[in-house]
Amino acid sequence: MHFSEKQKQQVEELCGASIRALTGLCELHHRGKTLFLAGKRVRFGALHLQPDPLESDFRSHRGAADGIALRLKHSDQELHLSLSPKLPLAKLIFDLLEQLRVESLVSDQHPGIKVNLLYQFREWSMRFHQAKHTESQPGILIYTIAQLAWSRLSGNPTLEATDDLIEATRASITPIIGHELTGLKRDRHDQNAFAQHALSIAQIVDNSLRASSEKNADQQNEQAEIYKALSRMSIALDFSDVFDDSNIATIITGDSKVLSDQPLGYRVFTRRYDTEIKASSQVRKDELREFRERLDRLIHAQGINIPRLSRQISNLLAVPGRDGWLFGEEEGLIDGRRLSLVVSSPAERRVFLRDRYRFKNDCLVSFLIDCSGSMKKHIDSIAMLVDIFGRALDQADISSEILGFTTRSWNGGRAFKEWVSQGRPTNPGRLAEQCHLVYKNADTSWRKSRRSIAALLKSSPFREGIDGEAVDWACDRMLRHGEQRKILIVISDGSPMDSATHQANDAYYLDNHLKQVVEKYDKNSSIEIYGLGVGLSLTPYYRHCLAVDLGESLSNSVFRQILQMIEHAKRR
């Protein structure tokens, strides 16, 4: 099946909402196509919790989500980990049996969940069989165990399409594990007691395959291949490969050992060469005028209804606020200036006053643009996007800021040379001449900043990007303002990248710092941070994000999707 990036995010959000509703855990959320609880990754190794990248439909994803919700609700993860065997195959079987246990505990009050679980398990069974995993001895043994345990715990018959296939294995294994299968059903409400039967079955399967592989070298190679295949299938609810969309790239990220091992956290080798400059100061006046004229022509050709966009923004961001008094009311607080009416006209009732409330746009919206080299090809569309938003926000009487970040030179520049001159100390932290650009500050109207915004079209400063520090800088600027609500929209087309820092530390040093910065502001809720991915999803870094395909033209739908992203995040 082919899904758009928007549909990917909808599936992720719906499944996450389903899990939160079933478990009551409000802190559950998706980031980077992975489920997190209170900042910690939630992953389970049960084989059938991973929908197929190409063929699975929405019901399969709902079945996997329901399975994870039941696992969180009915399983003690600490107890499970303490009892889990160390050997990989035994661990795989043990995880599978624990997942089947919690799925058997679903209440009759949730028939929809039962249907979803049944659909997902049968769909996984057919995929496992069609992938020819059942043609090897390890594969058919694992598959048979899964079918027998699932049937015994759920009360459903084994998959009819593969009954003949597993008959011989079932006949040979049932006398050995029959007692333990009975124990699984009997003790499914007691995780500790259930685990003893599950451990016994896992050990029997592991010993059987080990004994067989020791006798046969080909069987040993076959077992290694099945381990690889099963490990790929046992990533729980990881949406990173669930959908196939050739138009949207995927960010690959991981953990930074250098960053995690440093007691003081993120380091900067030197800030001596860092700068913060007004972008328009780097462009000649006549060139800036030409850029503004060009940007106006581009925007005019898009046909965007800016007044309507301004009303939509105002409706989304406005909040009721006190705005003086209503006089001459028939109830409320007594108005001292009208007390004489009580004497002269005892029947007069309009001697009260009340608070007057009006919707106000007490908000600051800041755009932070990744000015790395790869963004040059998108800069016309991005300049139009932020300029239109800036104009619409200005009409709605909402403060806005447009910022950018890059480096002053490639490959670390003078910071890198200084590090080399000092003998290349290990793990130096960030090595770059960081450059922060101000295209429009919050205290200046769009009309006064329109030429400065056009400096975005000068792409020569676009080099590399230190995203984490840039987000921290943008947030620090916002916190200096008094608006009640603060929104930061980061526009980027990929991961943080500075080649010198990358080579001197490790591959994910800047990635992990960006995650730490975003998580810091997410926790204290002082600033809402959104990621706007140009041609790809930024979910590894931002909890709320949207992927957009910015071609040569913009449409009203792009602006509508961005506003919907903010609206949906507010509802959460």
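The residue numbers shown here count from 1 along each chain, following its written sequence. Reporting in this predicted model follows two pLDDT cut-offs: at least 70 for local features of residues, and 80 or more for side-chain atom pairs to be given and counted; totals over whole chains, interfaces and linings ignore these cut-offs and use all residues. Water and hydrogen atoms were dropped before computing side-chain values, which therefore reflect all heavy atoms in the structure.

In terms of burial, strand 9 (residues 399–407) is a largely internal element, eight of the nine residues being buried. Whether two strands pair depends on DSSP finding at least two bridges between them. Here a helix means four or more residues in a row that DSSP labels H or I, a strand means two or more in a row labelled E, and each is numbered from the N terminus. In this structure, strand 8 (residues 363–370) lies alongside strand 9, joined through seven bridges in parallel fashion. Each bridged residue has a counterpart across the sheet, and for Asp-370 the counterpart in strand 9 is Phe-405. In this sheet, strand 10 (residues 434–440) lies alongside strand 9 in antiparallel orientation, the contact comprising six bridges. Counterpart to Thr-406 in the pairing with strand 10 is Cys-435. Note on classification: 1.4 Å probe, protein chains only; a residue is buried when its accessible area is under 20% of the maximum for its type, exposed when over 50%, partly exposed between these limits.

A few words now on the packing of aromatic side chains. Centres within 6.5 Å are what make two rings of Phe, Tyr or Trp a pair, Trp counting through its six-membered ring; a difference in plane orientation under 30 degrees is then read as stacked, over 60 as edge-to-face, and the rest as tilted. Counted under the stated rule, the structure contains 10 aromatic pairs. An angle of 35 degrees between the planes, with centres 5.4 Å apart, marks the rings of Phe-367 and Phe-389 as tilted. Here Phe-389 lies in helix 14 (residues 379–395) and Phe-367 lies in strand 8, a separation of 22 residues in the sequence. Grouping residues by exposure puts Phe-367 and Phe-389 together as buried. These aromatic residues form a ring-pair network of at least three members: Phe-121, Trp-124, Phe-128, Tyr-143 and Trp-150. Between the NZ or CZ atom of Arg-59 and the centre of the ring of Tyr-119, over which it lies, the distance is 4.0 Å. Lysine NZ or arginine CZ positioned within 6 Å of the ring centre and within 35 degrees of the ring normal marks a charge as sitting over the ring. Across the ring face of Phe-194, the terminal group of Arg-101 is positioned such that the distance to the ring centre comes to 5.8 Å.

What follows concerns the side chain of Asp-66. Within the secondary structure, Asp-66 is located in helix 2 (residues 58–74). When its relative accessible area of 0% is taken as the criterion, Asp-66 is described as buried. Here a polar contact means two N or O atoms within 3.5 Å. Within protein one must be a hydrogen donor candidate and the other an acceptor candidate, and residues neighboring in sequence count only if both atoms are side-chain atoms. Polar contacts involving the side chain of Asp-66 include one to the side chain of Ser-18, which spans 3.4 Å. Only heavy atoms enter the contact rule, under which two residues are in contact if any of them lie within 4.5 Å. In this structure, Asp-66 is in contact with Ser-18, Leu-22, Ile-113, Asn-116 and Leu-117, ignoring residues within four places of it in sequence.

Moving on, we come to empty space enclosed by the protein. Note on definitions: the grid is 1 Å and covers protein atoms alone; a cavity is a set of points where a 1.4 Å probe fits but cannot get out; a pocket is an open set with protein on both sides within 12 Å along at least five of seven lines; lining residues have an atom within 4 Å of a point. Grid points are joined across faces, edges and corners, and a volume is the space filled by probe spheres set on the points. By the definition in use, this model includes one cavity of 30 Å³ or more. In this structure, the largest cavity occupies an estimated 80 Å³ of space. In terms of lining residues, the largest cavity is bounded by Ile-313, Leu-316, Leu-317, Val-365, Phe-367, Phe-389, Leu-393, Ile-487, Ile-489, Ile-562, Leu-563 and Ile-566. Elements with a contribution of two residues or more to the lining of the largest cavity: helix 12 (306–317), strand 8, helix 14, strand 11 (485–492) and helix 20 (556–571). A per-class count over the lining of the largest cavity returns 12 nonpolar, no polar and no charged. Residues are grouped as follows: nonpolar covers Ala, Val, Leu, Ile, Met, Phe, Trp, Tyr, Cys and Pro; charged covers Asp, Glu, Lys and Arg; every other residue, Gly included, is treated as polar.

Glancing now at a nonpolar patch on the surface. Taken together, Ile-334, Leu-339, Val-342 and Val-343 make up a surface patch of nonpolar side chains, about 400 Å² in accessible area. Among the elements that line the nonpolar patch, the one with the most residues is helix 13 (residues 339–344), at three residues. Mapped onto the fold, Leu-339 is located in helix 13. Residues qualify for a patch when their relative accessible area is over 30% and they have no salt bridge, like charges being joined within 9 Å and the nonpolar side chains of Val, Leu, Ile, Met, Phe, Trp and Tyr within 5 Å. Per-residue and other accessible areas were derived by the Shrake-Rupley procedure at a 1.4 Å probe size, with only the shown protein chains allowed to occlude residues. What makes a salt bridge here is a side-chain nitrogen of Lys or Arg within 4 Å of a carboxyl oxygen of Asp or Glu, nothing more.

With that settled, consider the pattern of salt bridges. On inspection of all chains with the given rule, the structure shows 29 salt bridges. The shortest N-O distance in the salt bridge between Arg-450 and Asp-296 comes to 2.9 Å. With Arg-450 in helix 16 (residues 446–453) and Asp-296 in helix 11 (residues 285–302), this residue pair connects regions lying 154 residues apart in the sequence. The exposure class assigned to Arg-450 is partly exposed, which follows from its relative accessible area of 25%. Beyond isolated ion pairs, a larger network of salt bridges with shared partners links Arg-292, Asp-296, Asp-387, Arg-391 and Arg-450.

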